[in-house]
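Results of the structural survey
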Amino acid sequence: MINRILGGLGRTLIFSGIVLLLFVGYQLWGTGLDESGHQEDLTRSLGHSLGVDTAKTDAEEEDAAAIDEKITAKLSSIDPTKAPPAEIPKEGDPEGKIEIPAIGLRSKTFVEGVAKADLRKGPGHYPSTPLPGNPGNAAIAGHRTTYGAPFNRIDELKPGDQIITYTLQGKFVYEVLESPVERRAGDEGGTWGPGWFAVKPNDVSVLAPTDDNRLTLTACHPKYSAKLRIIVQAKLVAEPA
């Protein structure tokens, strides 16, 4: 009897371990594949709306990276000072592109909205804030560990590092600001760094309107936890749209 009980318990533990490993594998890799598929669809959708050629070449449909280059080139050619006001897309629809060279973030399509479904597709723009490139405090959220982890390394950003966004109003370059002294609570590297600081999840003051033109990035902190939010703020280096 005891042997049968122990045998059943052992099989249960093995099965539970396999399920746990599968879950962890999905969180780390499966969600990345899911996000990659969404990103390709979003890139093609954005390209189509801009009139970018996505026709088949040499019997193969042009890959998303090539389309992405055409998109950023076309948006870069727009003069922000002459661009008309941009229409806000529907929640979950593509809104523009974001790049952060210092941490290896190549062009990612960001969408309108920061709901769970939106952030599974890529970075998301906070609807309550201006569009990137516009006057005031624009804000974008993103994952650090799942769904492509676009903001995985934003804790490595330092003052002066560039964050580049592309919208229907043109190309906008931001430079990371030094973290405010009054926000440097706790240990350096734990709750703040030269170019970032952490706040509680319910602290929405970082999304408040500002007199200057800036971009605020938010993500969960520390990695693999939602205990805090990491904040990176950057200033627009040219005139807004």
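Residues numbered from 1 in each chain as written. Predicted model: local features only at pLDDT ≥ 70, side-chain atom pairs only at ≥ 80, totals over all residues. Heavy atoms only, no water.

Once that is clear, we can look at the overall build of the protein chain. When helices and strands are tallied, the protein chain shows three helices and twelve strands. The buried share of the protein chain, reckoned over its 241 residues, is 42%. (Helix = DSSP H or I, 4+ residues; strand = E, 2+ residues; numbered from the N terminus. Buried < 20%, exposed > 50% of the residue type's maximum accessible area, 1.4 Å probe, protein only.)

Once that is clear, we can look at the pairing of strand β12 (residues 228–236). Of all nine residues that make up β12, seven are buried, and the element is covered over most of its length. In terms of strand pairing, strand β8 (residues 170–176) meets β12 through three bridges, oriented antiparallel. In the strand pairing of β12, Glu-175 is matched with Lys-235. As judged from the eight bridges shared by strand β11 (residues 214–221) and β12, these two strands associate in the antiparallel manner. What sits directly across from Thr-218, in β12, is Ile-231. What sits between β11 and β12 in their antiparallel hairpin is a turn of six residues, with Tyr-224 showing a positive phi close to 70°. (Pairing = 2+ DSSP bridges.)

Attention now goes to the pattern of salt bridges. Inspection of every chain in the model, using the stated rule, returns eight salt bridges. The closest approach of N and O atoms between Lys-108 and Glu-35, which form a salt bridge, is 2.6 Å. Note that Lys-108 is positioned in strand β4 (residues 105–112) and Glu-35 in helix α1 (residues 2–50), a separation of 73 residues in sequence. Between Arg-153 and Glu-156 there is a salt bridge, with the nearest N and O atoms lying 2.9 Å from each other. (Salt bridge = Lys/Arg side-chain N within 4 Å of Asp/Glu carboxyl O.)

Here we take up the pairing of strand β7 (residues 162–167). As a general feature of sheets, a regular strand has side chains that alternate between the two faces. Most of β7 is tucked away: five of the six residues are buried. Two strands pair when backbone bridges link them, and β7 and β8 are joined in this way by six bridges, in the antiparallel orientation. Note that in β8 the partner of Ile-164 across the bridge is Val-173. The hairpin turn running from β7 into β8, its antiparallel successor, is two residues long.

Turning our attention to the nonpolar core. With 24 residues, the main nonpolar core has Ile-100, Phe-151, Ile-154, Ile-163, Leu-217 and Val-232 as its most contacted residues. When residues of this core are traced back to their parent elements, those giving at least two are β3 (94–100), β4, β6 (137–141), β8, β10 (196–199), β11 and β12. The dominant element in this core, judged by the number of residues it contributes, is β12, at five residues. Apart from the residues within four sequence positions on either side, Leu-217 is in contact with Ile-98, Ile-100, Ile-140, Phe-151, Ile-163, Ile-230, Ile-231 and Val-232. If you look at the next biggest cluster of nonpolar residues, it comprises ten residues, including Tyr-126, Ala-139, Trp-192 and Ile-231. (Core = buried A, V, L, I, M, F, W, Y, C linked by side-chain atoms within 4.5 Å. Contact = heavy atoms within 4.5 Å.)

This part covers the side chain of Thr-43. As for its position among the elements, Thr-43 is in helix α1. By relative accessible area, Thr-43 is classed as buried at 4%. The residues touching Thr-43, leaving out its near neighbours within four places in the chain, are Ala-64, Ile-67, Asp-68, Ile-71, Lys-97 and Thr-109.

Glancing now at the environment of Phe-151. Its location among the elements puts Phe-151 in the loop between β6 and β7. Among the residues examined, Phe-151 registers a relative accessible area of 0% and is labelled buried. Apart from residues lying up to four places away in sequence, Phe-151 is in contact with Ile-98, Ile-100, Leu-105, Pro-123, Ile-140, Ala-141, Gly-142, His-143, Arg-144, Leu-217, Thr-218 and Ala-219.

Moving on, we come to helix α2 (residues 64–76). The first and last C-alpha atoms of α2 sit 18 Å apart over 13 residues, in line with the 18 Å expected at 1.5 Å per residue. When we look at burial in α2, the residues that qualify are Ala-64, Ile-67, Asp-68, Ile-71, Thr-72 and Leu-75. Take α2 and look down its axis: the buried residues cluster within an arc of 135°, on one side only. (Expected span 1.5 Å × (residues − 1). Arc of directions from axis to C-beta.)

Bringing the side chain of Asp-68 into the picture now. Here Asp-68 is to be found in helix α2. For Asp-68, a relative accessible area of 12% gives the class buried. When neighbours within four sequence positions are excluded, Asp-68 is seen to be in contact with Thr-43, Lys-97 and Ser-107.

Chain-level pLDDT for the protein chain is 89 on average; 84% of the residues reach the 70-or-more range. Within the model, pLDDT remains below 50 along residues 19–26, and this stretch shows three contacts once partners closer than five positions in the same chain are excluded. (pLDDT = per-residue confidence, 0-100.)

The amide bond that connects His-221 to the next residue, Pro-222, takes the cis arrangement and shows omega of -10°. Mapped onto the elements, Pro-222 comes out in the loop between β11 and β12. Phi is positive for Tyr-147, which is not a glycine, with a value near 50°. Tracing the backbone through its elements, the reader meets Tyr-147 in the loop between β6 and β7. Looking at Tyr-147, the relative accessible area reads 10%, which means it is buried.

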